[in-house]
Amino acid sequence: MALLTARNISLGYDSIPVAEGLNFHVDSGDYLAVVGENGSGKTTLIRTLLQLQNPLGGEIVLDDGLRKNEIGHLPQQTAIQKDFPASVREIVISGCQGRAGLRPFYTREEKELAEESMELMDISELAVKCYRELSGGQQQRVLLARALCAARKILLLDEPASGLDPSAAARMYDLIEKMNGKGIAIIMVSHDITAAVNYAKHILHIGDNIFYGTKEEYIKSEIGRAFIKEHRGGETA
Amino acid sequence: MDKIIIYMQYPFVQNALIVGILIALCSSLFGATLVLKRLSFIGDGLSHVAFGATAVAAVMSFADDMLLALPVTTVSAILLLKSGQNAKIRGDAAIAMISAGALAFGYLIMNIFSASSNLSGDVCSTLFGSTSILTLDRKDVWLCVLLSVFVLTVFVLMYNKIFAITFDEDFAKATGVRADEYNLIIAVVIAIIIVLAMNLVGALLVSALIVFPALSAMRLLSGFKQVMICSASLSVVCALSGILISILAGTPVGATIVAVDAVAFGIACFIGRASRGARK
C-alpha cells in the first residue's frame, strides 16, 4: 500500500479553494516534485499533508504503518529563526522530539542519530556554532539534518533551495537524493523546474491545469512542455 | 560592608533575599521563550490582569490575594496564548485591551470600595512593588519556595520540548510533538511566575524582570542552553544586588532591581557589540 494517498483533495484557507481535485499517491522510496506557479497552493499542499491545516474536501490516507512522528519536514525559514540563539547541535537534535513523546530527555540513540545526521549533511564541524551566524546554505543543511532526525519514512520539503546560490542549491539537491537513496520517500515543493525534472521520479503540477504522473510523461505532456519552456529560461539565466 | 552583615542577621532580610532570588530565577527562565516567540507583551498584559485581580481580592478581603490572582491570571494567560496563535494582530490588540481594561477596573474597584485610609499608597505599592517583601512571614516564604520548585521542575522536564516549540512550532507539530498541550503548560507556568514576581517588583515592573535578563544573555551568548544559564544567573545577581542596594540606600525594592537589570542590559549590549566587532 502507498505510504500516503490523496483522494480528490481541495486546498485553501477559510473555505476559499486555491487548488481542487488533486489525486496522487506516494510509495516508499518515491521522489515526488510538486511544481506550479506562485500562489497555486504548493505550500498549502505541504501544510495540509502535514496536518497543520485541514483539506477543504477529499481525504488524505496515511498507510497504517506510517505514524506522524515518522514524517520529516523542511519548512521555509521563518523570521524568528534568523536571530535565534541556538547551536547547530541543539537544533538538529530537536528533530528527535517527535519520537521522544513525553520523555523529557534525549536517549543515547537519539544523540547518535543527531551526530549521524550532521555528518551526512557535512555540518559536524559546525556543531557548536551559532545558527544565526551561518550562511544560508549551511542553515538549510542544518534544518535538513533536523528533518532527517524526524523522518524515518517520508520527508516533505518546501523550497529546499530557495535563497541559495547555484552551487549551494546543487549540493542541497544532491543531499536530498542521497536521503531518497536510503529509502526515504521525498515530497518536494519547488519553483526550480530544472531541478524538479532532474531529480524527481514523479511530478505533480498544480494550478489551472493539473498533472500527475512520472517525470517522463510530464516532459512529453503539453502542460509540462509549456511550463518547462516558460520557466527554464528564467531559472538558468 | 558592616551594615550589610548586621542587616543579614535580621530574619526579614533573609526572607526577602530567599524570595527575591527564587523569583528572579523563575522569571528569567521563561523570558527567552517569550522574547523569541515574540510574546514579551504577554508578560505585561498578564501582570495588569494580576493587578486587577489583586485589587478585587483586597476589596473582598481575601485572606491571601494570591488565591484570586493566581487562577484569574492563569485563565487569562491561556486565553491570550490561544488568541495569539490564531492571528498575530488580534492577539496583540487583545493584550492591549485586556491589560488596560484590567488596570482601569482594578483601580476603580480599589477607589470605590477600599476601606483603607491610604488608598494611593496601596495602589502605588501594588503597581510598583511594595516594601512588603521586607515584611514576609514564614508562610509566604514557604508558598514561594513551593511554587518556585514547581516552576523549576516543569522547566527542567520540559526544557527540550520548550526548545523545539520555540524554535519551530510548525515543524514540532508536523512531526508529532503535542505543541498545543505544551503551550498550555507554559502559559500556566508564566501566570504563576507573574503572580509571584508581582510581590517582588509590582505589577508594572514584572515584565522587565522576565525580559531583561533574557535579552542581556542573548546579546552575550549564542547557544540556547548557554543563554538560559546566563540569563538565570544574571537575573539572580541583579535581584540580589538590587535588594541589597535598596536596603542600604532606602530606595524602593522593585524599581531598584529593575534599574540594576537595565544597567546590566546596557553593559551586555556594549560587550556583545565589542566582541562581535573584534571578531570581524
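Residues numbered from 1 in each chain as written. Chains lettered and ligands numbered in written order. Predicted model: local features only at pLDDT ≥ 70, side-chain atom pairs only at ≥ 80, totals over all residues. Heavy atoms only, no water.

Student: Is there a simple way to explain the pairing of strand β9 (residues 211-214) of chain A in this structure?
Tutor: Two faces belong to every sheet, and in a regular strand the side chains alternate between them. Of the strand pairs in this sheet, strand β8 (residues 202-205) of chain A and β9(A) are connected by four bridges, and their pairing is antiparallel. Residue H205(A) lies in a different strand from β9(A), and its bridge partner there is F211(A). (Pairing = 2+ DSSP bridges. Helix = DSSP H or I, 4+ residues; strand = E, 2+ residues; numbered from the N terminus.)

Student: Please explain helix α12 (residues 224-249) of chain B as it appears in this structure.
Tutor: Given 3.6 residues to a turn, an α-helix orients residues that are three or four positions apart in the same direction. In this model α12(B) runs 36 Å from its N-terminal to its C-terminal C-alpha over 26 residues, within 8% of the 38 Å that 1.5 Å per residue would give. One or two residues past the end of α12(B) sits G250(B), with phi positive at roughly 70 degrees. (Expected span 1.5 Å × (residues − 1).)

Student: Explain the packing of helix α8 (residues 138-167) of chain B against α12(B) here, please?
Tutor: The relative placement of two packed helices comes down to the angle between their axes together with the axis-to-axis distance. Residues and elements named next belong to chain B. At a closest axis distance of 12 Å, the pairing of α8 and α12 adopts a crossing angle of 135 degrees. Comparing the axis directions of α8 and α12 gives the class oblique. The way α8 lies across α12 gives a crossing that is right-handed. Across the interface between the two elements, F155, Y159 and F163 from α8 touch F224, K225 and M228 from α12. For the contact of α8 with α12, a count of residues per class yields five nonpolar, no polar and one charged. (Axes fitted to C-alpha atoms, helices over the stretch in contact; angles between N-to-C directions. Parallel < 35°, antiparallel > 145°, perpendicular 65-115°, else oblique. Left-handed = near helix turned anticlockwise from the far one by under 90°. Contact = heavy atoms within 4.5 Å. Nonpolar A, V, L, I, M, F, W, Y, C, P; charged D, E, K, R; others polar.)

Student: Just checking my understanding: could you explain the pairing of β8(A) for this structure?
Tutor: Residues and elements named next belong to chain A. Side chains H202 and L204 project from β8 onto one buried face, and the interleaved I203 and H205 project onto a second face that is buried too. Pairing of strand β3 (residues 31-35) with β8, which is carried by four bridges, proceeds in the parallel orientation. The residue bridging V34 from the neighbouring strand is L204, located in β8. Hairpin geometry of β8 and β9 is characterised by an intervening segment of five residues between the two adjacent antiparallel strands and by a positive phi of about 145 degrees at G207. (Buried < 20%, exposed > 50% of the residue type's maximum accessible area, 1.4 Å probe, protein only.)

Student: Just to check I follow, could you spell out the sheet that holds strand β6 (residues 154-158) of chain A for this structure?
Tutor: The strands making up a sheet associate through backbone hydrogen bonding, with each pair oriented either parallel or antiparallel. Residue and element names in this part refer to chain A. Here six strands make up an open sheet; going across it, the order is β5-β6-β7-β3-β8-β9 and the pairing mixed. For this open sheet the edge positions go to β5 (71-74) and β9, each flanked by a neighbour on one side alone. Each strand of the sheet is rotated relative to its neighbour by a mean of 15 degrees, with strand direction disregarded. Relative to β6, β5 runs parallel, the two being bridged by four bridges. Its bridge partner being in β6, G72 is matched across the sheet by L155. Running over the sheet, helix α7 (residues 166-181) touches β3, β5, β6 and β7 (185-189) and is turned about 150 degrees from β7.

Student: Looking at this structure, I do not really get the side chain of D168(B). What am I missing?
Tutor: Turning to its location among the elements, D168(B) is positioned in the loop between α8 and α9 (169-174). Here D168(B) falls in the buried class, since its relative accessible area comes to 5%. Ignoring any residue separated from it by four or fewer positions in sequence, one finds D168(B) in contact with P75(A), Q81(A) and R146(A).

Student: What should I look at first to understand the confidence of the model for chain A in this one?
Tutor: Segments scoring low in pLDDT should not have their predicted coordinates read at a detailed level. With 96% of its residues at a pLDDT of 70 or more, chain A shows a mean pLDDT of 84. Within chain A, the lowest mean pLDDT, 72, falls on helix α10 (residues 222-236) of chain A, and the highest, 92, falls on helix α3 (residues 88-93) of chain A. (pLDDT = per-residue confidence, 0-100.)

Student: How do you make sense of the interface of chain B and chain A when you look at a structure like this?
Tutor: Much of the literature gives interface size as the accessible area that the parts lose upon coming together. The interface of chain B with chain A comprises 30 residues on the first partner and 37 residues on the second. Carbon and sulfur atoms make up 60% of the area that chain B and chain A hide from each other, which totals about 2800 Å². Where chain B touches chain A, the interface holds two salt bridges. Notably, a salt bridge pairs D170(B) with R47(A), separated by 2.8 Å at the nearest N-O pair. Linking chain B to chain A there are 12 residue pairs in polar contact (both at pLDDT 80 or more). Of all elements in the fold, only α8, α9 and α12 of chain B reach the threshold of two or more residues within the side of chain B that touches chain A. (Buried area = accessible area lost by both parts, 1.4 Å probe. Salt bridge = Lys/Arg side-chain N within 4 Å of Asp/Glu carboxyl O. Polar contact = N/O pair within 3.5 Å; in protein donor to acceptor, adjacent residues only side chain to side chain.)

Student: Mind showing me how you'd approach the sheet that holds strand β4 (residues 57-62) of chain A here?
Tutor: Residues and elements named next belong to chain A. Strand order across the open sheet formed by three strands is β2-β1-β4, with antiparallel pairing between neighbours. The open sheet terminates on both sides in strands that have one partner only, identified here as β2 (16-26) and β4. When the angles between neighbouring strand axes are averaged without regard to direction, this sheet yields 30 degrees. By the bridge criterion, five bridges tie strand β1 (residues 4-13) to β4 in an arrangement that is antiparallel. Bridge assignment links L4 to a residue of β4, and that residue is L62. Helix α1 (residues 42-49) rests against β1, β2 and β4 of the sheet, and its axis sits at about 120 degrees to β1.

Student: Help me out: how do you make sense of the side chain of T48(A) in this one?
Tutor: All names here are of chain A. Within the secondary structure, T48 sits in helix α1. Looking at T48, the relative accessible area reads 2%, which means it is buried. Here the side chain of T48 touches T44 through a polar contact of 2.6 Å, landing on its backbone oxygen. In this view, T48 contacts L11, Q53, N54, P55 and I60; residues no more than four positions away in its chain are not counted.

Student: What am I meant to see in the packing of aromatic side chains here?
Tutor: Aromatic ring pairs are reported here in terms of the distance separating the ring centres and the angle at which the planes meet. Counted under the stated rule, the structure contains 14 aromatic pairs over all chains. Relative to F224(B), the ring of F84(A) has its centre 5.6 Å away and its plane inclined at 20 degrees; by these criteria the two rings are stacked. Highlighted residues: F84(A) in the loop between α2 (79-82) and α3 and F224(B) in helix α12, drawn from two different chains. Measuring from centroid to centroid gives 5.5 Å for Y131(A) and F167(B), while their planes differ by 85 degrees, and the two rings are edge-to-face. Of this pair, Y131(A) sits in the loop between α5 (108-120) and α6 (136-150) while F167(B) sits in helix α8, which puts the two residues in different chains. Given the relative accessible area of 0%, Y131(A) is considered buried. Following the ring pairs from residue to residue traces out a cluster consisting of F84(A), Y131(A), F30(B), F155(B), Y159(B), F163(B), F167(B) and F224(B). Positioned above the aromatic ring of F171(B), the side-chain terminus of R146(A) is 3.6 Å from the ring centre. (Phe/Tyr/Trp six-rings, centres within 6.5 Å; stacked < 30°, edge-to-face > 60°. Lys NZ or Arg CZ within 6 Å of the ring centre and 35° of its normal.)

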